[in-house]
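# Fold and contact review
Chain by chain, the residues run as shown.
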Amino acid sequence: MMNDKLVFLGLLYFIQGIPYGLQSSLLPVYLRGAGHSLTRISLTKILYFPWVLKVLWAPLVDRTGTKRYWLVGTVAGLALTCLVSATISPDVQYMVVAGSLLAMNLLASVQDIAADGVAVRLLRGQGELGLGNTVQVVGYKAGSVFAGGGLLAVIDVAGWGWMFTLLACVYGGVALFVWGAPVLDGESARGQGEGRRGPKDVMQPWKVWRKLLSVPGTPWTMFYVLTYKLGEQGAITMFPLFLLDHHMTARELGVWNGMVAMAFSICGSSIGGFLLSQYSIGLLMRRVFMMRTIGMIFQSSLLVVLEPSPLMKGMAVLSLSLQHFIAGLITTLTFTTMMNCTQRAEESIQATHYSFLATLEVLGKLSFSALAGGMVDTVGFPIAFILFLFLTSSSALHVWRATETGVLKEQLKGQPL
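Residues numbered from 1 in each chain as written. Predicted model: local features only at pLDDT ≥ 70, side-chain atom pairs only at ≥ 80, totals over all residues. Heavy atoms only, no water.

## A few points about the nonpolar core
Filter applied, for reference: The criterion is simple. A nonpolar core is a set of buried Ala, Val, Leu, Ile, Met, Phe, Trp, Tyr and Cys residues joined through side-chain atoms within 4.5 Å. Each residue gets one of three labels from its accessible area relative to the maximum for its type: buried under 20%, exposed over 50%, partly exposed in between, using a 1.4 Å probe on protein chains only. In this analysis, two residues are considered to be in contact whenever any of their non-hydrogen atoms come within 4.5 Å of each other.
Core analysis: the largest hydrophobic core is formed by 79 residues, its most contacted members being Phe8, Leu22, Leu71, Phe164, Tyr171 and Tyr224. For Leu71, the contacting residues outside a window of four places in its chain are Phe8, Leu12, Gln111, Ala114, Ala115, Val118, Val178 and Leu184. Within the second largest apolar cluster, 23 residues are counted, among which are Leu243, Val376, Ala384 and Phe385.

Here it is, written out as structure tokens:
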């Protein structure tokens, strides 16, 4: 039964990562090759906006219909959107391409709410939560790599139309699979009971928000997900640019930071699920956050070595690999912490609660990534990395205090220190 849950969730999160891969990796290269300006290409980032706003329609998904209907409807909608996209000529129909991707992001964000709600209900116990969130993170990354890397490699041969026709078949097959998935068999009766009282609560959103904020552990988790990646995100964004200025070529960075580092990230996310089946989340978070702080100290020390050398390149690659490995591990721990908090909420608002926390997590990462470049331009790499190190140390202290006196204290009991 557990394997059925993991396969089901892994498939949902895999197809959820496809629009991100299309937009972040495939589309910029294809549009640039078609002669579009960098300004037009950069404006496609606006199309991610449905992911930031998804918490607004999460109560509707939570309180009306069943998760099976929402999943089948959104995945089928993605299949139809891909079929329409297959008829587009991206060389001359830029706005139509943008509209198609906006629709994909909107549908995928709604699908994410339903998938998260299913995951919260299906996964029980720390072992299942750890494995389930590993599948979530790795599945999403795998879908992104499939769309952004795999399809980019064949688009010159297959062409735009055939590529989106293939994606339509993938989404259509998954929609049929979800329709008959036995892991959702208990949804119908529950959904009918919730649906009778759903519209009233949807029309009174202040009651939903009051319930969200009253869930035990929510205030701490909100602050945590907003801040836990600030220093790490700045370093991940800026350190490759430092290497480009002083030590490495763009091609070398493409290999080490784009491929090898991503492999380490997926490896870290995968190992996170295994570790959660062996140790408490409080113990793991305490130790892993200290490891990340030490890794940041090591990486920051490399900024003083400006002369390119094989040793420096080796140390830089080691630093990048460790950084992405720990980042992947922390991501799995974080999503497990979020889901653990959400499971304390009443069932009728669980998908909304989890979507709210996930939106804050995205906002925290994106906002600091946008500011990191201006920070480096203003004060330089060394001072900026001191700030990154301070933020990383502060998040480690925040977690440490939570294991001593806060919401993670119970998670540490009975574990060897």
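## As for the side chain of Ser85
Basically, it comes down to this: Each helix corresponds to a stretch of at least 4 residues labelled H or I by DSSP, and each strand to a stretch of at least 2 residues labelled E; elements are numbered beginning at the N terminus. Here a polar contact means two N or O atoms within 3.5 Å. Within protein one must be a hydrogen donor candidate and the other an acceptor candidate, and residues neighboring in sequence count only if both atoms are side-chain atoms.
For Ser85, the location among the structural elements is in helix H4 (residues 67-86). Reaching out from Ser85, the side chain makes a polar contact with the backbone oxygen of Thr81 at a distance of 2.8 Å. In contact with Ser85, not counting residues within four places along its chain, are Ser100, Trp160 and Phe164.

## A closer look at the packing of aromatic side chains
To keep things clear, this is the line we draw: Pairs were defined over the aromatic rings of Phe, Tyr and Trp, the Trp ring being its six-membered one, requiring ring centres within 6.5 Å. Orientation was assigned from the angle between planes: stacked under 30 degrees, edge-to-face over 60, tilted for the rest. Only Lys NZ and Arg CZ are tested; either one counts as a charge over a ring when it is within 6 Å of the ring centre and within 35 degrees of the ring normal.
Scanning the entire structure with this criterion turns up eleven aromatic pairs. The interplanar angle of 5° and the centroid separation of 5.1 Å between the aromatic rings of Trp220 and Tyr224 together place this pair among those described as stacked. Of the two residues, Trp220 and Tyr224 are both situated in helix H10 (residues 218-227); the distance of four residues between them amounts to about one turn of the helix. With centroids separated by 6.3 Å and ring planes inclined at 65°, the aromatic side chains of Phe239 and Phe385 adopt a geometry described as edge-to-face. In this pair, Phe239 is assigned in helix H11 (residues 230-246) and Phe385 in helix H16 (residues 381-404), connecting sequence segments 146 residues apart. Here Phe239 and Phe385 have matching classes, each one buried. Pairwise contacts between aromatic rings join Phe239, Phe242, Phe381, Phe385 and Phe388 into one cluster. In this structure, Arg286 is placed above the aromatic ring of Trp400, and the distance from its NZ or CZ to the ring centre is 3.9 Å.

## Notes on the pattern of salt bridges
Here is the rule: What counts as a salt bridge is simple: a side-chain nitrogen of Lys or Arg found within 4 Å of a carboxyl oxygen of Asp or Glu.
This model, assessed by the stated rule, comprises five salt bridges. Close ionic contact of Asp112 with Lys54 constitutes a salt bridge, the shortest N to O distance being 2.2 Å. Here Asp112, found in helix H5 (residues 94-122), pairs with Lys54, found in helix H3 (residues 49-63); they are 58 residues apart in sequence, far enough to count as distant.

## Topic: the confidence of the model for the protein
Note the threshold: Per-residue confidence from the predictor is given as pLDDT, running between 0 and 100.
When the pLDDT values of the protein are averaged, the result is 80; 82% of them are 70 or greater. When the criterion is pLDDT under 50, residues 191-199 qualifies, and its contacts beyond four places in sequence or with other chains add up to twelve contacts. Low pLDDT, under 50, characterises residues 412-417; the stretch is placed with 13 contacts to residues that sit more than four places away or in other chains.

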